[in-house]
Each structure stands twice: as structure tokens, then as C-alpha cells.
Amino acid sequence: MNFELLVATSNQHKLKEIRQILSPHHITVYGMSDLNISIEEVEENGKTYFDNALIKATALQKVTKMPIIADDSGIEIEAMDNMPGLMSARYAESCGGHDKAIQQILKSIKGKSRKAKFICDIVLVNVEDKPLRFEGVVNGHIAEKVDGNGGFGYDPIFICDEIGKTYASLSEQEKNKVSHRAKALQKLLTYLLINNRCY
């Protein structure tokens, strides 16, 4: 029997990535729309990625007892004092979308350090009596220009040091091996395997 979990997101790109990584291990991944679940938009006002992920997971706990995962992630750019970080999504919104945010970043760090990292914290609730945290960190740097047509968000300018390419220039299979979300999901998967919840 498959282990079932619900993802606290309305982001279909994110949901697809999570499914691709977890589904081969007999884990059925549901989005909120799959189960006709909707919640009021929550304010992600935590001080850490873990805090924000937990805020999202806790909101869903009010309507279901099934296992829930929620994540929060961000890109931290050295030359911007590790911004936008926790504000990554809101920074893009304030710029009028990711395309414009990317152009603003490229302009603001010109001639400065291009060092950056992507961080993802995943929270699992309704499995143990406390929330469980799984973190993935990928070191990299900001490209000189947009490169690649895949991925989403800041993927066209983030070069993963491990592979030497932008996320957006990787195939889905490649990205799902090296991304910050993939690393966090692998830790989650290890936990589920060790505890015989999937195989």
C-alpha cells in the first residue's frame, strides 16, 4: 500500500517536482486541489524557512489528519546581503514577476561577488508528535545572464556549483538530483524508508 501525503502548496511546478522525486518510492503525493481542500491564505511571517514552512503545514492541519509536507525556500545572494532569502517570492512580486526580479538582480550585483545559495526547508507533520524538519542547501553563483528555458523562479540565473549549469538549463531529471528541494526531499525519503512508511 502506498504512503499518502498532502503538499501544502498551490504551486504546480513545485508539486510536479515533489511527485517526480517521491512517486517512484510508492508515495502518493496529493495537492490541495486533488482533495478539494482550500484554506485561507496564510501570512508567512516567520524568521526562518522552517518557521514559514511550519505556518503553512499548521494551517492545513486544521482540515486534515493525513501526513502533510510544506516547504519554504529562497535564494541568498552574497552581494545583496543574502537577500532576497526569505523574501524571495515577495521580492519577485514587488518587481512585477520573476523575469523583472532577475533583471534587477543582474543589474544590482554587476561587478560584485556572484556567490549565492539556494535553501529549502521541508516540514512533515501528522506523522510524529512533533514537526520534522528536512533541509537542503545548494551552493552556487549567479550567472552573467539568463541561461536556459526550464525550471521556474530564479532558475535561469542560478548556477549550481556541483554541476556547473543553471537550474534552467538542466533536464527535469538532472535538476531532481541536485536541487535544494531535491536534497531536502531525499532526507525526507530516507526518514520514510527507515521508518518503513514506503519502499
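Refer to the structure presented above.
Residues numbered from 1 in each chain as written. Predicted model: local features only at pLDDT ≥ 70, side-chain atom pairs only at ≥ 80, totals over all residues. Heavy atoms only, no water.

S.K.: In this structure, what is going on with the nonpolar core? I would like to understand it.
M.R.: As a rule of thumb, soluble globular proteins bury nonpolar side chains together. One finds Leu 22, Ile 27, Ile 69 and Leu 124 to be the most contacted residues of the largest nonpolar core, which totals 24 residues. Taken together, the elements giving at least two residues each to this core come down to β1 (3-7), α1 (12-22), β2 (27-31), β5 (115-125), β6 (132-142) and α6 (180-194). It is α6 that provides the largest number of residues to this core, a total of seven residues. Non-local contacts of Leu 124, meaning those with residues more than four positions away in its chain, are made with Pro 67, Ile 68, Ile 69, Lys 130, Pro 131, Leu 132, Phe 134, Leu 188, Tyr 191 and Leu 192. Ranked by size, the runner-up nonpolar core spans 21 residues in total, among them Ala 92, Ile 105, Leu 106 and Phe 118. (Core = buried A, V, L, I, M, F, W, Y, C linked by side-chain atoms within 4.5 Å. Buried < 20%, exposed > 50% of the residue type's maximum accessible area, 1.4 Å probe, protein only. Helix = DSSP H or I, 4+ residues; strand = E, 2+ residues; numbered from the N terminus. Contact = heavy atoms within 4.5 Å.)

S.K.: Mind showing me how you'd approach the packing of aromatic side chains here?
M.R.: What characterises a pair of aromatic rings is the spacing of the ring centres plus the angle enclosed by the ring planes. Evaluation of the coordinates by the stated rule reveals four aromatic pairs. When the centroid spacing of 5.5 Å and the interplanar angle of 10° are considered together, the rings of Phe 118 and Tyr 167 count as stacked. Taken together, the positions of Phe 118 in strand β5 and Tyr 167 in the loop between β8 (165-166) and α5 (172-178) put the pair 49 residues apart, joining distant regions of the chain. Within the aromatic cluster, the residues linked to one another by ring pairs are Phe 118, Phe 158 and Tyr 167. (Phe/Tyr/Trp six-rings, centres within 6.5 Å; stacked < 30°, edge-to-face > 60°.)

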